[in-house]
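Here is how the chains run, residue by residue.
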Amino acid sequence: MTASSARRELTVAVLACAAAGGLALTSSSSPWADVTITREAPLPPTAEVLTGGQAAPLVGACGLLLLAAALAVIAVRGAGRVVVGLVVALAGGVLAWSGLRGLTGRLGVDVADVTSSVGLGGAQVSTDAAVTWPLLALLAGLLGVLAGALVVVRGRRWPGMSRRYERTPVAAGAAPAATPARRARPESPEDRHQAAWKALDRGDDPTV
């Protein structure tokens, strides 16, 4: 694999993780179903809108995880990158499963999830599931699974973060480069005169 193709694959994986995370968060904050609660007479029925975060709380969590994974894919290398790829694929699978449940109307809505109205004894809940936003979660999940698979299979060959500013370690057993010694200047008469006085101070005979 050439360096350019490795960088290209890394870019694709990062963008796929970020896109999947963004789509998941968008889906999580959007309406997934219209819920109608039929209460006992003479209370009128009430209507609620169920968002993705209420219907499938894991959608928003997986979206945040995928956004964080987009940065982690760049930051780690080797086995750590493979682990990140597995986490991305797992998050994508959870997203796809949640979106599929939303599309098929199997959200398992409870009265307590959508309202705090009084007079709910014997109330019946009916849901009218939306299509667009659960489908968006499903697409985000499939994109996450593909991105995770790409990271697991090819991630070990991709480059990591730039190491331009890291110190180059000294090889084992290699001695540090010696500082070039300054060239000694010739001894002047003044130097010899000072040396003689220093010898007298020490009690030495300067004439020896």
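Remember, it's a predicted structure, so these values are computed and weren't measured experimentally.

Another point: the side chain of S28. Positionally, S28 belongs in helix 1 (residues 3–28). Sequence-distant contacts of S28, that is, excluding residues within four places in its chain, are made with T51, G52, G53, V59 and G60.

Once that is clear, we can look at a nonpolar patch on the surface. A contiguous nonpolar patch, built from L100, L103, V131, L135, L139 and L142 and spanning about 490 Å² of accessible area, is present on the exposed surface. When contributions to the nonpolar patch are tallied by element, the ones reaching two or more residues are helix 4 (79–103) and helix 6 (132–154). For L142, the location among the structural elements is in helix 6.

Before going further, it helps to spend a moment on the packing of helix 3 (residues 57–75) against helix 4. Across the interface, helix 3 lies against helix 4 with an axial gap of 9 Å and an inter-helix angle of 155 degrees. Relative to helix 4, helix 3 is oriented roughly antiparallel. Two packed elements cross with a definite hand, and for helix 3 against helix 4 that hand is left-handed. Across the interface between the two elements, L58, V59, C62, L65, L66, A69, A72, V73 and I74 from helix 3 touch R81, V84, V87, V88, A91, V94, L95 and S98 from helix 4. The residue makeup of the contact of helix 3 with helix 4, split by class, is 15 nonpolar, one polar and one charged.

Next up on the list: the packing of aromatic side chains. Inspection of every chain in the model, using the stated rule, returns zero aromatic pairs. A cation over an aromatic ring shows up here: R101 above the ring of W97, its NZ or CZ 5.0 Å from the ring centre.

What counts and how
- Residues numbered from 1 in each chain as written.
- Predicted model: local features only at pLDDT ≥ 70, side-chain atom pairs only at ≥ 80, totals over all residues.
- Heavy atoms only, no water.
- Helix = DSSP H or I, 4+ residues; strand = E, 2+ residues; numbered from the N terminus.
- Contact = heavy atoms within 4.5 Å.
- Patch = residues over 30% accessible without salt bridge, like charges linked within 9 Å, V, L, I, M, F, W, Y side chains within 5 Å.
- Areas by Shrake-Rupley, 256 points an atom, 1.4 Å probe, with all protein chains shown as cover.
- Salt bridge = Lys/Arg side-chain N within 4 Å of Asp/Glu carboxyl O.
- Axes fitted to C-alpha atoms, helices over the stretch in contact; angles between N-to-C directions.
- Parallel < 35°, antiparallel > 145°, perpendicular 65-115°, else oblique.
- Left-handed = near helix turned anticlockwise from the far one by under 90°.
- Nonpolar A, V, L, I, M, F, W, Y, C, P; charged D, E, K, R; others polar.
- Phe/Tyr/Trp six-rings, centres within 6.5 Å; stacked < 30°, edge-to-face > 60°.
- Lys NZ or Arg CZ within 6 Å of the ring centre and 35° of its normal.

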